[in-house]
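Architecture and fold: a report
Okay, here's what each chain looks like letter by letter:
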Amino acid sequence: MSLPTYDITSGYADYFERHRLFDALPTIGYAPVKMAPAERLLLWSLAYSTRPRSYLEIGSLEGGSALIVASALDTLGASGRLALIEPSPRIAPAVWTRLAPRTTLVRGFSPAAIPEAVASLGGPVELAFVDGDHGFAGALADGEGLLPYLADGAYVLFHDCHLPAVARAIDDLLARHSTRWVDAGIVTREVTRERTAGGGEITWGGLRLLRHRSAALSRDEIGP
Ligand SMILES: C[S@@+](CC[C@H](N)C(=O)[O-])C[C@H]1O[C@@H](n2cnc3c(N)ncnc32)[C@H](O)[C@@H]1O
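To start, this report covers the structure provided alongside it. This structure is a prediction, so every number in the text was calculated from the model and none was measured.

Concerning the overall build of the protein
- Of the regular secondary structure elements, the protein holds nine helices and nine strands.
- Relative to the compact-globule value of 17 Å for 224 residues, the protein shows a C-alpha radius of gyration of 17 Å, a close match.
- C-alpha atoms of the protein, sized along the principal axes, occupy 50 × 45 × 35 Å.
- Taking contacts inside the protein between residues at least 6 apart in sequence as the whole, the part at least 24 apart equals 75%.

Details of the packing of helix α7 (residues 136-146) against helix α8 (residues 164-176)
- Running from N to C, α7 and α8 point in directions that differ by 35°, and their axes come no closer than 8 Å. Like other packed secondary-structure pairs, α7 and α8 cross with a definite hand, here right-handed. Contacts between α7 and α8 involve Phe136, Ala139, Leu140, Gly143 and Glu144 from the former and Ala165, Val166, Arg168, Ala169, Ile170, Asp172 and Leu173 from the latter.
- Broken down by class, the residue content of the contact of α7 with α8 amounts to eight nonpolar, one polar and three charged.

Regarding the environment of Leu163
- By secondary structure assignment, the location of Leu163 is in the loop between β5 (150-159) and α8.
- In this structure Leu163 comes out as buried when scored by C-beta crowding, with 20 C-beta atoms within 10 Å.
- C-alpha separation for the pair Leu163 and Ala72, spaced 91 residues apart in sequence, amounts to 27 Å.

Notes on α7
- The set of residues buried in α7 consists of Gly138, Ala139, Leu140, Ala141, Asp142, Gly143 and Leu146.
- On its buried face, α7 is in contact with β1 (54-58), α6 (114-119), β4 (125-130), β5 and α8.

Some thoughts on the pairing of strand β3 (residues 103-106)
- With four bridges connecting them, strand β2 (residues 81-85) and β3 associate as parallel partners. The residue of β3 that forms the bridge with Ile85 is Val106.
- Taken together, β2, helix α5 (residues 93-99) and β3 form a β-α-β motif whose crossover is right-handed.

Parameters at a glance
- Residues numbered from 1 in each chain as written.
- Predicted model: local features only at pLDDT ≥ 70, side-chain atom pairs only at ≥ 80, totals over all residues.
- Helix = DSSP H or I, 4+ residues; strand = E, 2+ residues; numbered from the N terminus.
- Rg over C-alpha atoms; globule rule 2.2 N^0.38 Å.
- Contact = placed C-beta atoms within 7 Å.
- Axes fitted to C-alpha atoms, helices over the stretch in contact; angles between N-to-C directions.
- Left-handed = near helix turned anticlockwise from the far one by under 90°.
- Nonpolar A, V, L, I, M, F, W, Y, C, P; charged D, E, K, R; others polar.
- Buried ≥ 20, exposed ≤ 12 C-beta atoms within 10 Å, placed from the backbone.
- Pairing = 2+ DSSP bridges.
- Right-handed = clockwise from strand over helix to strand, strands pointing away.

None of the figures reported here should be taken as evidence of function without further support.
Pasting the structure below:
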């Protein structure tokens, strides 16, 4: 796989202190984000542990999820770049100040804006966060639109995977391109339930993690 590894052999003692790991927790708490605590921690941890050189986000609104990823990269002292696709950004100046040194904001709609956003990253996407159009067709189009731009081994997180339309879109994406994805499944357990106008109930939230393979998986790897 094309994702790099990082040698931390020298100086493992006081690693956490030197990397200001615990200073990052307040950022996870105050980031202007529509994500449950477990989802914030998972996004931060995934960015910290995979250290992406290129992060693509679909749907950024106030920049909270991007801030969480930037915080992880800041903590590492890593130089990864962020590209955000959002038609109606409402990113406060204080948040943009933290993001700006490593971030390109593309005001537009995914999937059409994906090529422009990826061009700003200087290489294929190593981590993507999909949190834009939560309809079936939109979420499916985002997944398919990302495929040509993903590094081998890239991680893709879909938010709101408990929404029925998003759940179906991810299942469809996996069925259509079964040799190109490894499905890690739903990796958070927190959900929010809301009453609908019609008296029903809708469940949202949740992160589902997929891993991309640019070379087709063999039958053995896909399983029965
Ligand atoms: C739930 S908000 C994103 C929140 C953000 N990821 C966070 O957690 O901080 C969803 C956003 O997706 C945007 N959006 C909707 N359709 C989109 C599309 N096709 N491409 C990009 N963004 C889209 C909306 O404008 C909205 O701001």
